[in-house]
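Spelled out from the first residue to the last, the chains are:
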Amino acid sequence: MTTSFEVPTALTLDSAAQDLLFREARSANAFTDEPVTDEQLRAIYALVKWAPTSMNNQPLRIVVVRSEEAKARLLPHLAEGNRAKTAAAPAVALLAADVDFHDELPRLFPHFPGARDLFADEAARAGVAELNASLQVGYTILGIRAAGLAAGPMTGFDAEGIAAEFFPDGRHRVLVAVNIGTPAENAWFDRLPRLDYDEVVTTL
């Protein structure tokens, strides 16, 4: 199905880049067997790392699953409808929040020596980690698109099971699994409706 879009004229970003990152980008459900390279993953993270986070806390941690052995460990923890497409994806990024992000604050927020001590309460710290890592998840999807690849983000999985399998220290909360690769033919469903500006935005 072809969808026509209104191209905003008030944006600095050129129209082709707008299409690549937003209008034409889709959540892929099928991928070719073209590999996702280490160079591409590093280039993606070179963009993603600039995402804004509270006090520059950067709690996102990523495990990339590419080998058949690692996929065999992952697939049983996914919802049944997500297994086949994940098995076929060249790479899968497990995006998690590090509950102990505060240990890095002396390096990441050096102008405030007491920053780490503000997060002594683990329950509160976990909430901060999940919120800020979620911001980084959004940037990760855009970074994947910027590399000319398709992202297939999923939340249909056993988060505790994946954490135990791939983050065995028990200090990470798995938020999203993202299939990454070159989209195959018919990789997506028809585009669904979006809410309009006036339905979402209130100006006071």
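Throughout what follows, the structure given in this document is the object of discussion. None of the values given here were measured: they were computed from a predicted structure.

With that settled, the discussion passes to unusual backbone geometry. Positive phi values are uncommon outside glycine, yet Asn56 reaches one of about 55°. Within the element layout of this structure, Asn56 appears in the loop between α2 (38-48) and β1 (60-65). We classify Asn56 as partly exposed; its relative accessible area is 32%. Phi is positive for Asn186, which is not a glycine, with a value near 55°. Structurally, Asn186 is set in the loop between β4 (172-181) and α8 (197-200). Asn186 sits in the exposed class, given a relative accessible area of 69%.

Inspection of the secondary structure assignment puts Lys85 in helix α4 (residues 80-88). In this structure Lys85 is buried but unpaired, with Glu80 as the nearest side chain of opposite charge at 13 Å. Looking at Lys85, its side chain comes within polar contact range of the side chain of Asn29, at 2.9 Å. Contact partners of Lys85, with chain neighbours within four places excluded, come to Asn29, Phe31, Met154 and Asn179.

Quick notes on the rules
Residues numbered from 1 in each chain as written. Predicted model: local features only at pLDDT ≥ 70, side-chain atom pairs only at ≥ 80, totals over all residues. Heavy atoms only, no water. Helix = DSSP H or I, 4+ residues; strand = E, 2+ residues; numbered from the N terminus. Buried < 20%, exposed > 50% of the residue type's maximum accessible area, 1.4 Å probe, protein only. Lys, Arg positive; Asp, Glu negative; His and termini not counted. Salt bridge = Lys/Arg side-chain N within 4 Å of Asp/Glu carboxyl O. Polar contact = N/O pair within 3.5 Å; in protein donor to acceptor, adjacent residues only side chain to side chain. Contact = heavy atoms within 4.5 Å.

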